[in-house]
Amino acid sequence: MLRTWISIFCSLITVTVFATGKPVSLQARIVDRDTHQGLEFTSVSLRDSLNKNDYFVLTDENGQFQMKGITPGNYRLSISYLGYRKKEETIRLDKDIFLEIRLEPDQSTLDAVVVTASESKKMTASSRIDLKAMEHLQPSSFTDLLELLPGGMSKDPKLNQANLIKLREVGSSDSKYDISSLGTSFVVDGVPLATAAEMQYLSGNGSMAQMTAGKGVDMRTIPTDHIESVEIVRGVPSVEYGDLTSGLVQINRKKGKSPWEARFKADGFSKLIYLGKGFRIEDKALDINAGIDFLNAQQDPRDPYVNYKRLTASIRTGKLYNKDGYNLKWSTSLDYTGSFDNEKSDPEISISPDDYFKSNYNKTGLSNKLEWEMKDSRFFKSLMINGSVNYQVDRLEQRQFIQVNRASFIPEGDLTGEHDAIFLPGKYTADLLVDGKPLDIFLKAMGRFNLKTGNILNDIKLGSDWKFDKNYGDGQVYDPSRPPMQQIKSRPRAYKDIPAGQILSFFAEDAVGIPIGRHLLKALGGIRTQSLLGLEPEFKMSNRIYFDPRFNAQWVFPGFHIFGKKAELALNGAIGWHTKFPVLLQLYPDPLYYDYVQLNYYHTNPEYRRVNIMTYRNDRNNYGLTPARNKKWEVGLDFTVNQNRVNITYFRESLSSGFRPQTLWNQYTYKKYDYSGIDPGSLTGPPSLEYLPYKTDTILQTYGSTNNGTELLKEGIEYQFASRRIPALKTRITINGAWFKTTYRNSFPIAKQTSMVIQGKELHYIGIYASDEGYVKEQFNTNCLFDTYIPEIGFEFSTSVQCMWFTSNQQKQKPQIPFAYVDTDGKIYPYTETEMKDPELQWLNLSQNTYLLEDRVPLALQVNFKASKDFRNKIRLSVFVNNLLDYLPDYTSTNGALIRRYVNPYFGMEINFKL
């Protein structure tokens, strides 16, 4: 009996001591069972058996969480994430512990194979494309991946021109709406791809389609073989990312151990080869990944004079230092990208067989990233420092034979005022070099903090980043006496003389999860401030700070059943503002020179010839230029029942300050010398101007600048249905598509100069019109993908039926009657009924050209096929055929013309080795 009482007493003492022991902590990382990808915003709850202690937390973007101050004891751990099986287990906490918990997708292993883009479970619309989907698609460049997005369709590659991204819109080829591609940010391993200092262009050249200055990232330069996964955020991204308006493309490249990989692809347009390998040194916790690829493309295999080549190479390392109180991760990468455009004249059809165009893009980049993660911390969680330096050597080379059709002249140097020019020879060869050397530097620091208020955990981000862009090239270099064009309005200017662009940003963001009964409210809110540094005081943006507030929310309903089948439902909503600064070429455009002939005396004796001109220089800087601003909002639904998932998102975007060229005018005065004062017989040299009679003439002339006149309004519905894989057929059905309505218009008045000549007199009036263009485009498409995966024999194939139900383009009526005009005195006058009857001013009324058209293109359907076969997981053979079948009925256009449509099949194959 005594022993029994002693045992009971000792047990009570033990329980009491244990119950009042030192608080402990639980730290864990929640990952996908198959991909080991961290699951952000996973809800984790901890509850003891007496329901006295209840703890709740959400994981961060890496799937990690930490609970502090836990009373020792037995607890029920519950982990849930939309689309994954709920995990519950009992654990005993009597000391600090760390766990890695793997959640199982709410589907079978066979069902986990996804060969298309999957909609993210985050609080905003985004698509994730993983390695398996890219392998099945068999892409040549990043452009091919856009087919997988809602609203996307397969297209034959066009590698002889710049490939620009257009998100959530019908699309326009008009360069006045390049803010769509310029405002899309590409981020590779946390480092944004910079384009602000790119200035390679050729005025009046037929190869302008290959230029990307002021247009954004050329997706041809991004290979897919180095990529592990891609997330394309179409909605409202985190405030961590800025200097964008349209969307965010996050690219994560391959990391960790992997076998030797070799890929060989050939199709009707290109040939591609890739070699890569991932190494792991276990005792040093060091990862090394390396890869190299080469693409050689010809738009038409029968034409060897137009081609595009790309070479990329990358070596990346990652090192983990595992210490008692923290983990330190250091990663670095060294990258090279080279792209080469070549066009050479066909000697059988060209005036000169020596004509050519070459564009070489060579970029070398070095980046470093340091991450310091605390293992045991109540408030401070992690610190990340990221930096990169990228240097490009860009060369545009052009040789062109020019035949002068009349006596032409060229100014000497960049003189202004009255001076003599020189005559051009009858024919010559002009060599032009455009030398660009952009340098961009990126620095970023971000800290993460946990702050618990009651049962709510705040995951806080605080950070700052700085971008530096400068071009150290020599610009356009050519012989002034042999210009690349007969009439040239620019002068050679060194890019290195243009000031650098610097953007400094700060951001703060808070992510919270609030349990409301069995419901869960997730919210993400933050603000980003941005400023363009180093501007002269004349600029409106000088010393200005721009604020981008953004907010995302998701309401997760408790699980329920429909006809005995498990169902999940979540509602999403987001709103945010986004800012994009102009690039250097828009801030500091080339000055424009106007040369007016005062005397053009052409004598049979070259020594007696003289051309005298008056030159004016126009500095086209628009000091009132402001950033482009876009307001986005969206609502969405994510519904899953019996592993069949539906996503629907409605969105609206309003951008009213995009960059576009504007027309300005100026008044120019010059002399017109009278040739009658020259006696050819008495000349001993060029005629003197001293005693020549002349008249003074004043004219108006327009020139271009950049303003904020582009309006881009987007509205649409995106949808996707992904079925569970049908076990008997081993087939999944994915249906996605979108309805897009995009309004393109100009919000600034337009100046147009008349070109009428009346009784030998050229009119120089300028009409000012409310606007010059505007159109509304719509499209509605549906893609249905049937993909079958048979793991027993390593075979997969898919059939995609892509249907564009309709596209339409409605031209808005253009205001053809000016509301004002500019006279030759340079003053603005109202345009009234009186001016409409004036013999000269009446020609400013263009109302006779007024029209309102709507082109509607009916149904277009195509069928694509892809297949792959694995041989012992070492060799993979793949083929694809696009436009295998098609249905393109004829239709009648608005103007009554019969339109016949056709497409050609596009096919290719590739072989992959893994050793």
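Sequence order as written defines the numbering, with residues in each chain counted from 1. Owing to the predicted nature of the model, reporting of local features is limited to residues with pLDDT of at least 70; listing and counting of side-chain atom pairs is limited to 80 or more, with chain, interface and lining totals taken over all residues. Where side-chain values are given, they derive from all heavy atoms of the structure, hydrogens and water being excluded.

(A) Spatial organisation of empty space enclosed by the protein. Cavity means a closed set of points on a 1 Å grid over the protein atoms alone, one where a 1.4 Å probe fits but cannot get out, pocket means an open set with protein on both sides within 12 Å along at least 5 of 7 lines, and lining means a residue has an atom within 4 Å of a point. Grid points are joined across faces, edges and corners, and a volume is the space filled by probe spheres set on the points. Taken as a whole, this structure holds 13 cavities of 30 Å³ or more when the rule is applied. Computed from the structure, the largest cavity encloses a volume of approximately 790 Å³. Around the largest cavity, the lining is made up of 47 residues, and of these L193, T221, T337, Y361 and K363 lie nearest the centre. Breaking the lining of the largest cavity down by element, the ones donating at least two residues are β11 (191-192), β13 (247-253), β17 (306-322), β18 (326-344), β19 (356-374) and β20 (380-403). The way it works is that DSSP assigns letters per residue, a run of H or I at least four long becomes a helix, a run of E at least two long becomes a strand, and they are numbered from the N terminus.

(B) The pattern of salt bridges, seen in detail. Salt bridges are defined by distance alone: a side-chain nitrogen of Lys or Arg within 4 Å of a carboxyl oxygen of Asp or Glu. What the rule picks out here adds up to 50 salt bridges. The partner of K467 in a salt bridge is D243, with the nearest N and O atoms 3.1 Å apart. Pair noted here: K467 is in strand β25 (residues 456-471) and D243 is in the loop between β12 (227-233) and β13, with a separation of 224 residues, a long-range link. D243 shares its class with K467; the two are buried. Remark: exposure states derive from per-residue accessible area (1.4 Å probe, protein chains only) relative to the maximum for the residue type, with buried under 20%, exposed over 50%, and partly exposed in between.

(C) Representation of the sheet that holds strand β2 (residues 43-48) within the structure. The pairing criterion is simple: DSSP has to find at least two bridges between the two strands. Read from one edge of the open sheet, four strands run β3-β2-β5-β6, paired in antiparallel fashion. Because the sheet does not close on itself, it has two edges, and the strands there are β3 (54-58) and β6 (87-93). Taking the axes of each pair of neighbouring strands and ignoring which way they run, one obtains an average angle of 20 degrees across the sheet. Sheet topology note: the β2/strand β5 (residues 73-80) ladder contains six bridges and is antiparallel. Along β5, the bridge assignment pairs S43 with S80. Axis definition: a line fitted to C-alpha atoms, limited for helices to the stretch in contact. Angles are taken between N-to-C directions and run from 0 to 180 degrees.

(D) The nonpolar core, seen in detail. Ranked by size, the top nonpolar core spans 42 residues in total, and within it I179, L532, L535, M541, L587 and Y588 carry the most contacts. Where this core is concerned, the elements lending two or more residues are α3 (179-182), β20, β23 (427-436), α4 (584-587) and β35 (644-673). When residues of this core are assigned to their parent elements, the largest contribution, four residues, is made by β23. We call two residues in contact when some of their heavy atoms are within 4.5 Å. Ignoring sequence-local partners within four residues, the contact set of L535 consists of M541, S542, L587 and Y588. We call a set of buried Ala, Val, Leu, Ile, Met, Phe, Trp, Tyr and Cys residues a nonpolar core when their side-chain atoms join them within 4.5 Å.

(E) Main features of the environment of H419. The residue H419 is located in strand β22 (residues 417-423) in this model. Note: C-alpha distance between H419 and V611 (192 residues apart in sequence) is 8.7 Å. Setting aside residues no more than four positions away along its own chain, H419 makes contact with P411, V611, N612, I613 and T615. N or O atoms within 3.5 Å of each other form a polar contact, as long as, within protein, one can give a hydrogen and the other can take it, and as long as residues adjacent in sequence are counted only when both atoms are side-chain atoms. For H419, the side chain forms a polar contact with the side chain of T615, separated by 2.8 Å.

(F) Molecular detail of the side chain of E147. Assignment of secondary structure puts E147 in the loop between α2 (131-137) and α3. Of note is the side chain of E147, whose polar atom sits 3.2 Å from the side chain of Q802. With near-sequence residues (within four places) excluded, E147 lies in contact with L137, G152, M153, S154, N783, Q802, N864 and K866.

(G) Up close: the packing of aromatic side chains. Working definition: a ring pair exists when centres of Phe, Tyr or Trp rings (six-membered ring for Trp) sit within 6.5 Å. Plane angles under 30 degrees give stacked, over 60 give edge-to-face, the rest tilted. This model, assessed by the stated rule, comprises 33 aromatic pairs. Aromatic side chains W372 and F380 sit 5.7 Å apart centroid to centroid with 65 degrees between the ring planes, which places their arrangement in the edge-to-face category. A relative accessible area of 22% places F380 in the partly exposed class. Taken together, Y326, W372, F379, F380 and F449 form an aromatic cluster joined through their ring pairs. Whether a charge lies above a ring is judged from NZ of Lys or CZ of Arg, which has to be within 6 Å of the ring centre and within 35 degrees of the ring normal. Directly above the ring of Y593 sits R491, whose terminal nitrogen or CZ lies 4.4 Å from the centroid. Positioned above the aromatic ring of Y769 is the side chain of K752, whose terminal nitrogen or guanidinium carbon lies 5.4 Å from the ring centre.

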